[in-house]
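Below, each chain spelled out in residue letters.
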Amino acid sequence: TANAPSVSQVGAIEALTGPQDSVKNMVAEFSRRRDLIVSSLNDMGYETVDCKGAFYVFPCIKSTGLTSDEFCERLVYSKKVAVVPGTAFGECGEGFIRVSYAYSIKHLQEALKRIGEFLEELKENIKKDGLLKPLEVYKDGDQYILIGGHRRYNALLELYMEDAVEPEINCIVYPKPNSENDEVL
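Computed from a predicted structure; not experimentally measured. (Residues numbered from 1 in each chain as written. Predicted model: local features only at pLDDT ≥ 70, side-chain atom pairs only at ≥ 80, totals over all residues. Heavy atoms only, no water.)

J.: In this structure, what is going on with the nonpolar core? I would like to understand it.
T.: Buried together is how nonpolar side chains tend to be arranged in soluble globular proteins. In terms of nonpolar packing, the biggest core is built from 21 residues, with Ile37, Leu41 and Phe71 touching the most fellow members. Breaking this core down by element, the ones donating at least two residues are α2 (21–43), α3 (68–79), β3 (97–100) and α4 (105–128). Per-element tally for this core: the top contributor is α4, with six residues. (Core = buried A, V, L, I, M, F, W, Y, C linked by side-chain atoms within 4.5 Å. Buried < 20%, exposed > 50% of the residue type's maximum accessible area, 1.4 Å probe, protein only. Helix = DSSP H or I, 4+ residues; strand = E, 2+ residues; numbered from the N terminus.)

J.: Just checking my understanding: could you explain the sheet that holds strand β2 (residues 84–85) for this structure?
T.: Within a beta sheet, neighbouring strands are joined by backbone hydrogen bonds and run either parallel or antiparallel to one another. Reading across from one edge, β1-β3-β2 is the order of the three strands in this open sheet, with antiparallel pairing throughout. Edge positions in the sheet fall to β1 (56–57) and β2, since each of these pairs with one other strand and no more. (Pairing = 2+ DSSP bridges.)

J.: How should α2 be read in this particular structure?
T.: Structurally, the α-helix is built with 3.6 residues per turn, so residues lying three or four positions apart point the same way. Between the first and last C-alpha of α2 there are 33 Å, a value that for 23 residues agrees with the 33 Å anticipated at 1.5 Å per step. Looking only at α2, the buried set comprises Arg33, Arg34, Ile37, Val38, Ser40 and Leu41. A positive phi of about 100 degrees marks Gly45, the residue just after α2. (Expected span 1.5 Å × (residues − 1).)

J.: Can you walk me through the side chain of Glu70 in this structure?
T.: Here Glu70 shows up in helix α3. Exposure remark for Glu70: the relative accessible area of 17% places this residue in the buried category. Engagement of the side chain of Glu70 in a polar contact is seen with the backbone nitrogen of Thr67, the distance being 2.8 Å. (Polar contact = N/O pair within 3.5 Å; in protein donor to acceptor, adjacent residues only side chain to side chain.)

J.: I keep staring at α3 and nothing clicks. Help me out?
T.: Between its terminal C-alpha atoms α3 stretches 16 Å, which fits the 16 Å expected from 12 residues at 1.5 Å a residue. For α3, the set of buried residues is Ser68, Glu70, Phe71, Cys72, Leu75 and Lys79. Looking one or two residues past α3, Lys80 carries a phi angle of roughly 60 degrees, positive in sign.

J.: Explain the pattern of salt bridges here, please?
T.: Here the idea is simple: oppositely charged side chains can pair when their charged atoms come close. Enumeration according to the criterion identifies nine salt bridges in this entry. A salt bridge links Arg114 to Glu110; the nearest nitrogen and oxygen atoms lie 2.9 Å apart. Taken together, the residues span about one helical turn, with Arg114 and Glu110 both in helix α4 at a distance of four residues. You can call Arg114 partly exposed: its relative accessible area is 27%. We classify Glu110 as partly exposed; its relative accessible area is 30%. The residue Lys123 makes a salt bridge to Glu120 at a minimum N-O spacing of 3.7 Å. Linking Lys123 with Glu120, this pair stays in helix α4, spanning three residues, or about one helical turn. (Salt bridge = Lys/Arg side-chain N within 4 Å of Asp/Glu carboxyl O.)

The structure is reproduced here in structure tokens:
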């Protein structure tokens, strides 16, 4: 027969019936870390749900125009911050990443700083490389029709328009087939 060893049983009883101060302290610490991660990612423009039952969050990164795998790979190589692609948890995870907060506040603050830098550099690279310059532009009433640019132009335009002079501009974007700008960033 296989039973739990008696030493483990006695330890479990003590853990459940003994002082709970250390448990309360750890719960408070993880809540503090979660609040830091969620508020910081939301402030950066990543929609992040404030989950209560885990030590990680699952922010939406669709606005970057990158796949979950591309985002994670670029982030780890350029900023040395490791996050997990949402696709590791199934197809529905595309457009999301998993960020753990099982680290010290100091490490989390540094990681958040680097993630913020990564997003800013991504925006700058998009602008610098001309990926936001459409090949043709037509005005149709109150909308602009853009032909060409990047195959992920809608998401990139959203990033660009945050800093644009006319943020209220309405656009419909059609990629030009076989465009040399039709490459992954």
